[in-house]
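# Coordinate analysis (summary)
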Amino acid sequence: RLIMLSACCPYYINVMCAMLYDEVSKNLRTNVTRIDMEKTEEKLKKYLIQSYYRHFWTEDNLFHKIILSYVAVLGRATAGNWVDSKEVIAKAKERERPGSLSNSEFEKELLLAVTELEELNTLERQSNTRGTHYRIKLPLFQLWIGNNLIDDDLKKSLGVRDWESEAGKAAELISVN
């Protein structure tokens, strides 16, 4: 679970291990239980991810926020959380386009945001004969987005009933490369 949630990122593995160690030590135990892991996961979703990724939710990063929201929601129940890039752009254009931008200007800004998020190592790309697909690289971040930052109207419009259980099922399907 630790490897899956951290996407093998050494920084998050280190932080999670330190948090697990603190949790076990305060109870004077030497073994980690499932409950310890769940507590650590909750702490990470609330604090660490918020401080590390919160900058994507500023007004200056509107297009990052839109892309991340749609990738998180649309990828929630797919194998490995991959979502087709065309579907992300199409759904975002349906609901999010500011009146001051034309469809082509809005699409151009969204595609630029995708490129920037990929360069920032936040989005991961997979291209094959079926097209280009993206997912949020860190499953903890995807869970945090769904739990804290996506409005209920967006979730409902895209058919999400129970974010926590659906995202958890999807996260279990992620294969670590």
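Residues numbered from 1 in each chain as written. Predicted model: local features only at pLDDT ≥ 70, side-chain atom pairs only at ≥ 80, totals over all residues. Heavy atoms only, no water.

### Here's the deal with the nonpolar core
The test is simple: The set of buried Ala, Val, Leu, Ile, Met, Phe, Trp, Tyr and Cys residues whose side-chain atoms join them within 4.5 Å is what this entry labels a nonpolar core. The cut-offs for exposure are 20% and 50% of the maximum accessible area for each residue type, with area from a 1.4 Å probe on protein chains only; residues under the lower value are buried, those over the upper are exposed, and the others partly exposed. Strands here mean DSSP runs of E at least two residues long; helices mean DSSP runs of H or I at least four residues long; both are numbered from the N terminus. Pairs of residues are marked as contacts when any of their non-hydrogen atoms sit within 4.5 Å.
Counting residues in hydrophobic clusters, the biggest one holds 38 residues, and the most contacted among them are Ile67, Leu68, Leu110, Leu123, Ile136 and Phe141. Elements with a minimum of two residues in this core: helix H1 (2-6), helix H2 (10-26), helix H3 (34-53), helix H4 (62-74), helix H5 (85-96), helix H6 (103-119), strand E3 (131-136) and helix H7 (139-148). The biggest single contributor to this core is H4, with eight residues. Residue contacts for leucine 110: discarding those within four places in its chain leaves Phe63, Ile66, Ile67, Ile89, Ala92 and Lys93.

### Quick look at unusual backbone geometry
For leucine 28, which is not glycine, the phi torsion reads 55° and is therefore positive. With respect to the helices and strands, the residue leucine 28 is situated in the loop between H2 and H3. At asparagine 121, a residue that is not glycine, the phi angle is positive and equals roughly 65°.

### A few points about H2
This is how the line gets drawn: Here, expected helix span is obtained from the residue count minus one, scaled by 1.5 Å. Taken from the helix axis, the directions to the C-beta atoms give the arc we talk about.
If you check H2, its first and last C-alpha atoms are 24 Å apart, about what 17 residues at 1.5 Å a residue would give, namely 24 Å. Those residues of H2 lying buried are Tyr12, Val15, Met16, Met19, Leu20, Glu23 and Val24. Across the axial projection of H2, the buried residues extend over an arc of 165°, all falling on one side. Turned more than 90 degrees from where H2 packs its buried face, Pro10, Asn14 and Tyr21 sit exposed. Directly after H2, the chain includes leucine 28, whose backbone phi takes a positive value near 55°.

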